[in-house]
Amino acid sequence: MFETLKAQPADKILDLVQAYREDPRDTKIDLGVGVYKDASGNTPVMRAVKAAEQRIWESQDTKVYTGLAGDPAYADAMAALVLGDAVPRGSVAAAATPGGTGAVRQAFELVRMANPKARVFVSDPTWPNHLSILSYLGMEVVNYRYFDSDTGGVNFDGMIEDLKTAKKGDVVLLHGCCHNPTGANLNSAEWDAVIEVLQSTGAVPMIDIAYQGFGDGLEADAAATRKVASSVPECLIAASCSKNFGIYRERTGILMLVASEAAQGLNQATLAFLNRQNYSFPPDHGARIVSTILTDDELKADWMAELEDVRNAMLALREQLAGELQRLSGSDRFGFLAQHRGMFSRLGTTPDKVEALREKHGIYMVGDSRMNIAGLNQNSVPILARAIIDVGI
Ligand code: LMR
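As the structure is a prediction and not an experimental result, all values here were calculated from the model.

Enquirer: If you had to explain the UniProt feature "domain: Aminotransferase class I/classII large" (unreviewed entry) in the chain to someone new, which residues and values would you point to?
Expert: Per the UniProt entry, the sites bearing "domain: Aminotransferase class I/classII large" (unreviewed entry) are residues 27-388 in this numbering. Segment residues 27-388 splits into 46% helix and 15% strand. End C-alpha atoms: 15 Å apart.

As structure tokens, then:
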């Protein structure tokens, strides 16, 4: 029967990882997949993560199952990290998931379960895997305008106009901070305007927050999510710990459904049910690392300090790259690179220029010209800047 299988579309981000590995040039630069790298190109285990793992190893005396929704201590810690005190804890149903992608997948399934006709509004562009999962689930996608490649910023008027066409029963997928793939984000007044549209249309917001702490800081990066969650009757949040805790392979994420306190029991049971259908109990090791860190003042302070170093290192690279390009191009047209936040920036150029960067200079970025800023270091920034000018971007 399996001869009926058809080749599935390749994942553009993961394909690039392979192509980079196979490139023999030792001058090559990897700006592909969203993984943080330090100045020496390593992705170290964070200090607090190591310490938490040691504590877990020393104190854990069983590997028996946790709950279907994961360890409640993890849900509490993550609800506090993402939502602060924006909404009562009693209004949040939460389930641990395998990574942020697991949370996204469960969220879409939940939407489909609640309303099989729901349309999911996604930014143009959005993380390609959002589209891939939605298509796999057979759900209807509507694009809303988002990135303006002339300015490198957000086409806000277009976005609002498109969001106004959403209806009750639809879902609007928003990136809580550090938009992936563009790096262009809404300011606080723009978020207020989006909230007004959500309130007037009755569409349910779903916030994907995978880079909290990588943009303007842990609290600032959660501000929009908190504002949305406290302003509408229902809200979905898919959060990831892959990047801000650097625990990519531990697959640590969480899905939160914020609704009325009266609905919390049913919502919690539904999230647990969905986990059971897909993989039963969610992975625990990463979740336990996170809750160990977030519930210990010393570990939390150390984690926050290291995360802040990571964030500042990326900001410094942005400034350096924008400065270098200004010098070489004699114009400010790359200034948006310093304004963008998070791990990524979209250069806003054509696939053939992206290919020229790869062929001629061994610089790997996603075909839509998304660069992982954390793939750079002080020495490679001038090389990238010269290559960008050389291929005529
Ligand atoms: C990315 O966008 O590069 C990351 O979110 C990693 C992934 O799974 O695609």
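Enquirer: A description of the site of the ligand should follow, citing residues and the corresponding values.
Expert: Around the ligand, the structure places I13, V33, G34, W127, N180, Y211, K243, F344 and R370. W127 is positioned such that a nitrogen or oxygen atom in its side chain is 3.0 Å from an oxygen atom of the ligand. K243 places a side-chain nitrogen or oxygen 3.0 Å from an oxygen atom of the ligand. Relative to its unbound accessible area of 260 Å², the ligand is 80% covered by the protein chains. Residues belonging to the shell around the ligand are distributed by class as follows: five nonpolar, two polar and two charged. Looking at the shell around the ligand, you find at least three residues from each of domain 1 (10-45 + 300-390) and domain 2 (65-295).

Enquirer: Can you break down the environment of L16 residue by residue, with the values?
Expert: Tracing the chain through its elements places L16 in helix α1 (residues 12-22). Along the sequence, L16 and G202 sit 186 residues apart, while their C-alpha atoms lie 39 Å from each other. Leaving out residues up to four positions away in the same chain, L16 has contacts with G32, R358, Y364, M365 and V366.

Enquirer: Mind laying out the packing of helix α2 (residues 47-59) against helix α11 (residues 297-329), listing which residues take part and the relevant values?
Expert: Where α2 meets α11, the axes come as close as 8 Å, and the angle between the chain directions of the two elements is 150 degrees. In terms of axis orientation, α2 runs roughly antiparallel to α11. In contact with R47, A48, A51, A52 and R55 of α2, α11 contributes L299, D302, W303 and E306.

Enquirer: Account for the sheet that holds strand β10 (residues 253-258), naming residues and giving values.
Expert: If you walk across this open sheet you meet the seven strands as β2-β10-β9-β8-β7-β3-β4, and the pairing is mixed. Each end of this open sheet is capped by a strand with a single partner; those strands are β2 (92-97) and β4 (140-145). Looking at each pair of strands side by side, their axes are set apart by 20 degrees on average, direction ignored. Note: strand β9 (residues 235-240) against β10, six bridges, orientation antiparallel. Bridge pairing links A239 to I254 in β10. Relative to strand β8 (residues 204-209), helix α8 (residues 218-231) is tilted by about 160 degrees, and along the sheet it contacts β8, β9 and β10. Where helix α9 (residues 264-278) meets the sheet, its contacts fall on β2 and β10, and the angle it forms with β2 comes to roughly 15 degrees.

Enquirer: Before we move on, could you go through unusual backbone geometry and cite the residues and values that matter?
Expert: The omega torsion across D124 and P125 is 5 degrees, close enough to zero to call that bond cis. With respect to the secondary-structure elements, P125 resides in the loop between β3 (119-124) and α5 (128-136). Even without a glycine there, the phi angle at S369 is positive, about 75 degrees. Checked against the element boundaries, S369 lands in the loop between β12 (363-364) and β13 (370-372).

Rules behind the numbers
Residues numbered from 1 in each chain as written. Predicted model: local features only at pLDDT ≥ 70, side-chain atom pairs only at ≥ 80, totals over all residues. Heavy atoms only, no water. UniProt positions renumbered as here; feature names shortened; annotations may be inferred. Helix = DSSP H or I, 4+ residues; strand = E, 2+ residues; numbered from the N terminus. Near = heavy atom within 4 Å. Polar contact = N/O pair within 3.5 Å; in protein donor to acceptor, adjacent residues only side chain to side chain. Areas by Shrake-Rupley, 256 points an atom, 1.4 Å probe, with all protein chains shown as cover. Nonpolar A, V, L, I, M, F, W, Y, C, P; charged D, E, K, R; others polar. Domains from an automatic or database assignment. Contact = heavy atoms within 4.5 Å. Axes fitted to C-alpha atoms, helices over the stretch in contact; angles between N-to-C directions. Parallel < 35°, antiparallel > 145°, perpendicular 65-115°, else oblique. Pairing = 2+ DSSP bridges.

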